[in-house]
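# Residue-level structure breakdown
Given next are the chains, with one letter for each unit.
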Amino acid sequence: AVLKHRQRVRIHLGTAEVLGRVVRYDDGWVQVRLESDLVARAGDRFVIRSYSPVRTIGGGQVAELDRPRKRITSTEATLLAQIVDGDPAVRLISAVQLSASRGRGLGELPVIAAPTPNEVSALVTSLPDNVVRFGDRLYSATVVARTIEQLCLRVDAFHVARPLEAGIERALLLAGFATDLATHALLAAEADGQLTGRGGVVARPGFEAGYSPAQRVLRDPLLEQLRQAGLSPPSVPELTATHRSNDVRAVLRLMESRGEVLTIHPDLYLDREVLAQALEGVRSGAGPGPLGAGEFKTVLP
C-alpha cells in the first residue's frame, strides 16, 4: 500500500500502539506526527498500519525523534540515512550536525545515536574533530565556528559604530543567539585570541578606543567640571545639557576605561583625583576610634 500525505496511521513499536499522521517529503522521507508520546530511540524498527480498516502498510526505522516541522534538505537527508545505517561514531556525528545550534546532551546519546554503554564511553572519551564538547553538550564544529565568526563580526561592527567604547557589553553581544552555544563560543573565541574580555565588555585584541576631534575637545572641559564639583558631581543628563553634546556619556565611559574617572552610579561619574584626595583626608584625619559625622565632613575636601 502507498502512504498518502496527511494519512492517519497506527504506529506499532514494541508493545506500544500510537496514532499519528504521515507527512511525506519529496526525497522519500516520511515524518510521522504522533498524537501521543512514544518511547523510542534511533534505529528502532516499527510497523505502520492504516487507521481504518486496520491493515499492515509496511515498516520503517526511526532516524530522528524530535524533527522540527520543516522540509528536509539534501544534506539533512544524508545525515538521517547515516543515523540509520552508520557505525556509532557516524551516527553520533550525524545526530549532532542535525541538531544545529541546539546541540545534544551527553545523556541523549543512547537515544539519538543508539550506541551501547561501552560505545558511549569510547565516543565521549575521544570525540571526532567535527564535534565540539562544551560542558555536557555536544555541538557541530561547523556550527561553533560559524557562531564565533558571527560574534566577531558583531564586535567589529560595534567598534566601527562606537569607536569611543572600550568594547561591547557581553549581554548585548550575546543577544539573539542560542544562549548556551553563544556563551561557550564566546569563551572559546577568547581562549584562542579572536576576542578579548575587558571587564564587562568584549573587544577585538589590540583595539583601542579613541576620541574623534570633536570628542577630544569635549574631554578636558568634562574632566575640569567634575574636578571642580568634587564629591557632588553633576549627572550625565546635566552634563549633556550643559555641553549640548550627545557624546558626553561615551566620552565619560572612555575616560573611565582609561582610569581618569570612576562611575558611582549609571548617571554619575567622579574624578579619580577627587576620590583619592577624599580617601587620603579620611585616612589622615582618622584617630584611634571611628570618625563621627561632623569629623567626617571636616576631613573631606
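For the structure itself, look to the data block above.
Below you will find a few notes about this structure.

Rules of the game
Residues numbered from 1 in each chain as written. Predicted model: local features only at pLDDT ≥ 70, side-chain atom pairs only at ≥ 80, totals over all residues. Heavy atoms only, no water. Buried < 20%, exposed > 50% of the residue type's maximum accessible area, 1.4 Å probe, protein only. Helix = DSSP H or I, 4+ residues; strand = E, 2+ residues; numbered from the N terminus. Pairing = 2+ DSSP bridges. Salt bridge = Lys/Arg side-chain N within 4 Å of Asp/Glu carboxyl O. Phe/Tyr/Trp six-rings, centres within 6.5 Å; stacked < 30°, edge-to-face > 60°. Lys NZ or Arg CZ within 6 Å of the ring centre and 35° of its normal. Contact = heavy atoms within 4.5 Å. Core = buried A, V, L, I, M, F, W, Y, C linked by side-chain atoms within 4.5 Å. Axes fitted to C-alpha atoms, helices over the stretch in contact; angles between N-to-C directions. Left-handed = near helix turned anticlockwise from the far one by under 90°. Nonpolar A, V, L, I, M, F, W, Y, C, P; charged D, E, K, R; others polar.

### Quick word on the pairing of strand 1 (residues 8–13)
Burial of strand 1 is extensive: 5 of the 6 residues sit out of reach of the surface. In this sheet, strand 2 (residues 16–24) lies alongside strand 1 in antiparallel orientation, the contact comprising 6 bridges. Bridging across to strand 2, L13 finds its partner in A16. In sequence, strand 1 turns back onto strand 2 through a hairpin of 2 residues, with G14 there showing a positive phi of about 65 degrees.

### Some thoughts on the pattern of salt bridges
Taken as a whole, this structure holds 18 salt bridges when the rule is applied. Here R67 makes a salt bridge to E64, at a shortest N to O gap of 3.6 Å. Looking at E64, the relative accessible area reads 16%, which means it is buried. Of the charged contacts, one joins R170 and E190 as a salt bridge, the two residues approaching to 2.6 Å between their closest N and O atoms. With R170 in helix 6 (residues 170–174) and E190 in helix 7 (residues 179–191), this residue pair connects regions lying 20 residues apart in the sequence. Several salt bridges share partner residues, and in doing so they unite D66, R102, R104, E108 and R137 into one network.

### Concerning the packing of aromatic side chains
Evaluation of the coordinates by the stated rule reveals 1 aromatic pair. Geometrically, the ring pair formed by F134 and Y139 is tilted, given 5.9 Å between the ring centres and 50 degrees between the ring planes. Since its relative accessible area comes to 14%, F134 is described here as buried. Above the ring of Y51, the side-chain terminus of R8 is found at 4.4 Å from the ring centroid.

### Looking at the environment of L65
Relative to the assigned elements, L65 resides in the loop between strand 5 (56–61) and helix 1 (74–85). For L65, a relative accessible area of 39% gives the class partly exposed. Between the C-alpha atom of L65 and that of I112, which follows or precedes it by 47 residues, the distance is 7.5 Å. If near-sequence neighbours (up to four positions away) are discounted, L65 is found in contact with A40, R41, A42 and V111.

### Observations regarding the environment of V23
Within the element layout of this structure, V23 appears in strand 2. Linking V23 and R69, residues 46 residues apart in sequence, is a C-alpha distance of 9.5 Å. Apart from residues no more than four positions distant in its own chain, V23 is found in contact with H5, R6, W29, V30, Q31 and R33.

### Quick word on unusual backbone geometry
Residue P53 is bonded to the preceding S52 through a cis peptide linkage, with omega at -5 degrees. If you trace the backbone, P53 turns up in the loop between strand 4 (45–50) and strand 5. If you check the backbone angles, R6 has positive phi at about 70 degrees while not being a glycine. Mapping R6 onto the fold places it in the segment before strand 1. In this structure R6 comes out as partly exposed when scored by relative accessible area, which is 43%. A positive phi angle, close to 50 degrees, is found at R244, a residue other than glycine. With respect to the element layout, R244 can be found in the loop between helix 9 (236–243) and helix 10 (248–257).

### Some words on the nonpolar core
Residues L92, L109 and L138 are the most contacted members of the largest nonpolar core, which totals 22 residues. Looking at this core, the elements that each hand over two or more residues are helix 1, helix 2 (88–98), helix 3 (109–112) and helix 4 (117–125). With 5 residues, the single largest contributor to this core is helix 2. Residues V155, I168, L174 and L181 belong to the second largest nonpolar core, which totals 20 residues.

### Notes on the packing of helix 1 against helix 2
At a closest axis distance of 8 Å, the pairing of helix 1 and helix 2 adopts a crossing angle of 145 degrees. In this structure, helix 1 meets helix 2 at a crossing whose hand is left-handed. Contact with helix 1, carried on its side by E76, L79, L80, Q82 and I83, involves V90, R91, S94, A95, Q97 and L98 of helix 2 and no other residues of that element. Along the lines of polarity and charge, the residues of the contact of helix 1 with helix 2 split into 6 nonpolar, 3 polar and 2 charged.

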